[in-house]
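The lines below spell out each chain.
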Amino acid sequence: MLTAPSGTKNRELRATDRIEVVRTAVSDARGRGLRIGCVPTMGALHAGHLSLITAAREETDFVVVTIFVNPTQFGPNEDFRQYPRTLNEDIEACRQAGVDLVFHPETGTIYGQDDRTFVEVAGLSDILEGEFRPGHFRGVATVVTKLLNITSPDCAYFGAKDYQQQLLIRRMCRELHLPVEVCTKPTVREPDGLALSSRNRYLSDSERQVALLISQSLQLAKQLVSDGEHDIDSISNKMLHHLTSSPSVSVDYATIRNAETLEELSSACHSMVGLIAARVGKTRLIDNMLIDLPEPR
Ligand code: PAF
C-alpha cells in the first residue's frame, strides 16, 4: 500500500512519453528557479520507490519520475518479458505522492535501431552482479546516462538496495562530469526484514518465508562483526550456511567487501558491506547491509 506524503494535494501531475515535453517542462521549472529531482525507475512502484520520491520532494522542488523497463540491462535468459508492467497504477501512485512529471518512454524513444554508443564503467561492471549478469551494468549505465541527459536533474535518487548499481552510477557521473548529485537512500524493508523489490511479487507465500534467510544472513554477518569476529572467510561461510539451510535457495554470491570499492577483503576493515544474490525458487533476489567495525573501547 502506497501512502502519500503530506503536502501533495495541490500538485498537478503530467505524464508523457515524449522527450521534448520533458525538456520543456524541466526548463520551465528551472526558469522559475526550481531545483529538479529525478527518480529513475522501471515501474512496478512500491514503498521503496515511494521513499525515493518522498526524499526528492523534500530535497528538490520539481520531481520527475521516469518509468522505463530497460531492455539492455536484462540478459537473454532473464525476466524482461515477465517484468511487471503496471503503468496506470504507477502514474496514480506518482500523482498521490506529489510527483510533477512522469516520463514513460517507448523503447524506440530511448534507443535507436542502430545505436553504437554505450557507457561502461570498467572493473565495477564485471564483478558480483556483473559477473552473474554479463552486460547488465552496461545497460544500466547507458540508460541512466540517457535519462539524466533528458531530465537534466540537480539530484538523482537511487536505492541502497541496488548497492553496486548506486556505486557505479556515482562513479560514472563523477568521471563523465555530469552536473548531477547522486543521492542514495536506505533500503526499505518489510517488518520481518525482507527488502522491498518489484520481484517479490513473484514469490509464493512459502518462498517469501524462505527469502527471509537473505536478510537474516546479512544481519548475522553484522552481528558477528559487532561481537568481534574479524575473519572474513569465516563470516562468509556462516552467511552461506544460514542461507542454504533451505534447499530452495541457490546462492550466486554471499560476500563481504570493502563498502567503497567492492574489493575483496582479507581481513575486516572499517567500512564493509555484506552482499547477497540468491535465487529462491525461480526468483533472483539481491540484498546488502553496511557493516562497520565497532569502535575500539
Ligand atoms: O534500479 C532500477 O530500477 C534500474 O536499474 C534503473 C536505475 C531505473 C535503470 O533502468
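Residues numbered from 1 in each chain as written. Predicted model: local features only at pLDDT ≥ 70, side-chain atom pairs only at ≥ 80, totals over all residues. Heavy atoms only, no water.

Enquirer: Please clarify how the side chain of serine 197 should be interpreted in this entry.
Expert: Among the structural elements, serine 197 can be located in the loop between β6 (181-185) and α8 (205-226). A distance of 2.9 Å separates a polar side-chain atom of serine 197 from the backbone nitrogen of arginine 199. With near-sequence residues (within four places) excluded, serine 197 lies in contact with His46 and Lys161. (Helix = DSSP H or I, 4+ residues; strand = E, 2+ residues; numbered from the N terminus. Polar contact = N/O pair within 3.5 Å; in protein donor to acceptor, adjacent residues only side chain to side chain. Contact = heavy atoms within 4.5 Å.)

Enquirer: Any chance you could explain the pairing of strand β2 (residues 36-41) here in plain terms?
Expert: Regular strands place their side chains on alternate faces of the sheet. The element β2 is extensively covered by neighbouring structure, given that 6 of its 6 residues are classed as buried. Neither face of β2 is open: one carries Ile36, Cys38 and Pro40, the other Gly37, Val39 and Thr41, and all of them are buried. Sheet topology note: the β2/strand β3 (residues 62-67) ladder contains 6 bridges and is parallel. Along β3, the bridge assignment pairs isoleucine 36 with phenylalanine 62. As for the winding sense of the linkage, the β-α-β connection from β2 through helix α2 (residues 47-59) to β3 is right-handed. (Buried < 20%, exposed > 50% of the residue type's maximum accessible area, 1.4 Å probe, protein only. Pairing = 2+ DSSP bridges. Right-handed = clockwise from strand over helix to strand, strands pointing away.)

Enquirer: Just to check I follow, could you spell out the site of the ligand for this structure?
Expert: Within the structure, the ligand sits among Pro40, Thr41, Met42, Asn70, Gln73, Val143, Val144, Phe158, Asp162 and Gln165. Glutamine 73 is positioned such that a nitrogen or oxygen atom in its side chain is 2.6 Å from an oxygen atom of the ligand. Here an oxygen atom of the ligand sits 2.7 Å away from a polar atom, N or O, in the side chain of glutamine 165. Look at the ligand: alone it shows 290 Å² of surface, and the protein chains cover 90% of it. (Near = heavy atom within 4 Å. Areas by Shrake-Rupley, 256 points an atom, 1.4 Å probe, with all protein chains shown as cover.)

Enquirer: Explanation requested: the environment of proline 76 in the structure shown.
Expert: Examined against the element boundaries, proline 76 turns out to sit in the loop between β3 and α3 (87-96). As a C-alpha pair, proline 76 and leucine 240 span 164 residues in sequence and 28 Å in three-dimensional space.

Enquirer: Looking at this structure, I do not really get the packing of aromatic side chains. What am I missing?
Expert: Where two aromatic rings form a pair, the distance of their centres and the angle of their planes describe that pair. Per the stated rule, a full pass over the model turns up 4 aromatic pairs. Judged by centre distance (5.7 Å) and plane angle (75 degrees), the ring pair of phenylalanine 74 and tyrosine 83 falls under edge-to-face. By relative accessible area, which is 10% here, phenylalanine 74 ends up buried. Judged by its relative accessible area of 7%, tyrosine 83 is buried. (Phe/Tyr/Trp six-rings, centres within 6.5 Å; stacked < 30°, edge-to-face > 60°.)

That's the geometry; what it means functionally is another story.
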